[in-house]
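Secondary and tertiary structure notes
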Amino acid sequence: MTMNILDLLMQEYMVVFIMAVITTVFTIMMRSFLVTLIQVLLLLSLIVLSESAGTIQFIFIAAQIVLSGIVIYKIIMAIDMNYRLVLEKTHQTRPDLINDESRGSRFSFWRTN
């Protein structure tokens, strides 16, 4: 009797699957499409390789945990940058982020100073 692949992910690797979904949402929120693509490919490869050996699954699970940690760090840095930007725009601190022509606006929040 074989299990459905998504059932296997939801039962045995529930924490990793939830972490992957949250990481995907965070990368979409930060508008980092390359990292979103990497995340989706990592999740799809884990689904495809769910029937294979445990070592390969362990490598992909470890990669998922590392990627989630990096994304959480980047989202914390983006929140901090946004806070500093608000302080600069309300003239509560000296301008550092809004010196250039962009005035602090950016398309992607993946790169934070």
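Residues numbered from 1 in each chain as written. Predicted model: local features only at pLDDT ≥ 70, side-chain atom pairs only at ≥ 80, totals over all residues. Heavy atoms only, no water.

**Points about the nonpolar core**
- Met30, Val35, Leu42, Leu67, Val71, Ile75 and Trp110 form the largest nonpolar core, which has 7 residues in total.
- Of all the secondary structure elements, the ones that give two or more residues to this core are helix H3 (33-48) and helix H4 (54-89).
- When near neighbours in sequence (up to four residues on either side) are disregarded, Met30 contacts Val71, Lys74, Ile75, Ser108, Phe109 and Trp110. (Core = buried A, V, L, I, M, F, W, Y, C linked by side-chain atoms within 4.5 Å. Buried < 20%, exposed > 50% of the residue type's maximum accessible area, 1.4 Å probe, protein only. Helix = DSSP H or I, 4+ residues; strand = E, 2+ residues; numbered from the N terminus. Contact = heavy atoms within 4.5 Å.)

**Remarks on H3**
- With 16 residues, H3 should reach 22 Å at 1.5 Å per residue; the first-to-last C-alpha distance of 22 Å fits that figure.
- Those residues of H3 that sit buried are Val35, Thr36, Gln39, Leu42, Leu43, Ser45, Leu46 and Ile47. (Expected span 1.5 Å × (residues − 1).)

**Regarding unusual backbone geometry**
- At Arg31, a position not held by glycine, the phi torsion is positive, near 60 degrees.
- Take Arg31: it is sitting in the loop between helix H2 (14-29) and H3.

**Quick word on the environment of Asn82**
- Looking at the secondary structure, you find Asn82 in helix H4.
- With 27 residues separating them along the chain, Asn82 and Phe109 place their C-alpha atoms 9.3 Å apart.

**Points about H2**
- With 16 residues, H2 should cover 22 Å at 1.5 Å per step; its first-to-last C-alpha distance of 23 Å lies within 8% of that length.
- Turning to H2, its buried residues number three or more, namely Val16, Phe17, Ala20, Thr23, Thr24 and Thr27. Here the buried residues of H2 occupy an arc of 125 degrees about the axis, which is enough to place them on one side. Looking at H2, the residues exposed on the side facing more than 90 degrees away from the buried face are Val15 and Met29. (Arc of directions from axis to C-beta.)

**Section: a nonpolar patch on the surface**
- On the surface, a cluster of nonpolar side chains totalling about 560 Å² of accessible area is made up of Leu34, Leu37, Ile38, Val40, Leu41 and Leu44.
- Residue Ile38 is classed as partly exposed on the basis of its relative accessible area, which comes to 44%. (Patch = residues over 30% accessible without salt bridge, like charges linked within 9 Å, V, L, I, M, F, W, Y side chains within 5 Å. Areas by Shrake-Rupley, 256 points an atom, 1.4 Å probe, with all protein chains shown as cover. Salt bridge = Lys/Arg side-chain N within 4 Å of Asp/Glu carboxyl O.)

**Remarks on the environment of Phe60**
- Within the fold, Phe60 resides in helix H4.
- Residue classification places Phe60 among the partly exposed positions, given a relative accessible area of 22%.
- Phe60 sits 18 residues away from Leu42 along the chain, and the two C-alpha atoms are 7.1 Å apart.
- Look past the residues within four positions of Phe60 in its chain and what remains in contact with it is Leu42, Ser45, Leu46 and Leu49.

**Overview of the packing of H2 against H3**
- The N-to-C vectors of H2 and H3 enclose an angle of 160 degrees; their axes lie 9 Å apart at closest approach. Taken together, H2 and H3 sit at an angle that is classed as roughly antiparallel. Seen along the crossing, H2 lies across H3 with a hand that is left-handed. Contacts between H2 and H3 involve Val16, Phe17, Ala20, Thr23, Thr24, Thr27 and Ile28 from the former and Val35, Thr36, Gln39, Leu43 and Leu46 from the latter.
- Split by residue class, the contact of H2 with H3 holds 7 nonpolar, 5 polar and no charged. (Axes fitted to C-alpha atoms, helices over the stretch in contact; angles between N-to-C directions. Parallel < 35°, antiparallel > 145°, perpendicular 65-115°, else oblique. Left-handed = near helix turned anticlockwise from the far one by under 90°. Nonpolar A, V, L, I, M, F, W, Y, C, P; charged D, E, K, R; others polar.)

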